Amino acid sequence: MRVSLLFAAGLLVMGSCKKDGEAVDMKAKEKPTVKKDKEFQMYEMSEMAGLMERMYAENMELKNRIANGDTIGRFPQHFLKIHASAMTDESDNDAFFKEQAQVFIKAQEMIYKDPVNAKSHFNNAVSACVACHEQKCEGPIPRIKKLYIK
């Protein structure tokens, strides 16, 4: 009898969970509520973000070619669009960015002009990216650093 009273008391305590003096509906607790008043908006990359994604992918391939001693190919002319592509925040297209973009382009061109020292020029180009992103947009730095050839 004592065991059954303790069991019944335990059920009563567990079944009457309260929050701020009100009973909590256990079923409501299981399902998260979804606010329907917010409209979903698809993220659209700026021209510059798209170009940088493309440059990253192409430089990852270039990194592998350099590391494997393969032919390097020709400088991708679309990299020059870095000077004119629309940015997410146009105020970021300032003198600092323009200077860093020029440093990046020069280092990138040197990879193709001086393939004997391609690894060094490639790492200089990556360093230019990191230096700019340290000032402008830090988010992609860990990803960019994966480009370095060790």
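Residues numbered from 1 in each chain as written. Predicted model: local features only at pLDDT ≥ 70, side-chain atom pairs only at ≥ 80, totals over all residues. Heavy atoms only, no water.

## Observations regarding the layout of surface pockets
Now for step 1: Taken as a whole, the largest pocket holds about 640 Å³ of empty space.
Now for step 2: Together, 28 residues line the largest pocket, and Met 48, Ala 49, Met 52, His 133 and Pro 140 are the ones closest to its centre.
Now for step 3: Taken together, the elements giving at least two residues each to the lining of the largest pocket come down to α3 (47–68), α4 (95–113), α5 (118–135) and α6 (141–145).
Now for step 4: For the lining of the largest pocket, the element with the most residues is α3, which contributes seven residues.
Now for step 5: Looking at the lining of the largest pocket residue by residue, the class counts come to 18 nonpolar, five polar and five charged. (1 Å grid on protein atoms, 1.4 Å probe; cavity = no way out; pocket = protein on both sides within 12 Å on 5 of 7 lines; lining within 4 Å. Points joined across faces, edges and corners; volume = space filled by probe spheres on them. Helix = DSSP H or I, 4+ residues; strand = E, 2+ residues; numbered from the N terminus. Nonpolar A, V, L, I, M, F, W, Y, C, P; charged D, E, K, R; others polar.)

## Considering α4
Now for step 1: Here α4 spans 27 Å end to end across 19 residues, near enough to the 27 Å set by a 1.5 Å rise per residue.
Now for step 2: By the burial criterion, the buried members of α4 are Phe 97, Gln 100, Ala 101, Phe 104, Ile 105, Ala 107, Gln 108, Ile 111 and Tyr 112. For α4, the arc enclosing every buried residue in end-on projection is 165°, short of the 170-degree limit, so these residues lie on one face. What points out from α4, more than 90 degrees from its buried face, is the exposed set Ala 95, Glu 99, Lys 106 and Lys 113. (Expected span 1.5 Å × (residues − 1). Buried < 20%, exposed > 50% of the residue type's maximum accessible area, 1.4 Å probe, protein only. Arc of directions from axis to C-beta.)

## Considerations on the nonpolar core
Now for step 1: Membership of the largest hydrophobic core comes to 29 residues, with the highest contact counts inside it found for Ile 66, Ile 82, Phe 104, Ile 111 and Phe 122.
Now for step 2: Secondary-structure elements contributing two or more residues to this core are α3, α4, α5 and α6.
Now for step 3: Look past the residues within four positions of Ile 66 in its chain and what remains in contact with it is Ile 72, Ile 111, Ala 118, Lys 119, Phe 122 and Ile 149. (Core = buried A, V, L, I, M, F, W, Y, C linked by side-chain atoms within 4.5 Å. Contact = heavy atoms within 4.5 Å.)

## Structural notes on the confidence of the model for the protein chain
The predicted coordinates should not be examined in detail at positions where pLDDT is low.
Now for step 1: Within the protein chain, residue pLDDT values average 83, and 75% of them lie at 70 or more.
Now for step 2: Every residue in residues 3–14 scores below 50 in pLDDT, and together they form zero contacts with partners more than four places removed in sequence or on other chains. (pLDDT = per-residue confidence, 0-100.)

## Points about the side chain of Ser 46
Now for step 1: Tracing the backbone through its elements, the reader meets Ser 46 in the loop between α2 (26–30) and α3.
Now for step 2: In this structure the side chain of Ser 46 is engaged in a polar contact, spanning 3.2 Å, whose partner is the side chain of Thr 88.
Now for step 3: Dropping the residues within four chain positions of it, Ser 46 is found in contact with Ala 86, Met 87 and Thr 88. (Polar contact = N/O pair within 3.5 Å; in protein donor to acceptor, adjacent residues only side chain to side chain.)

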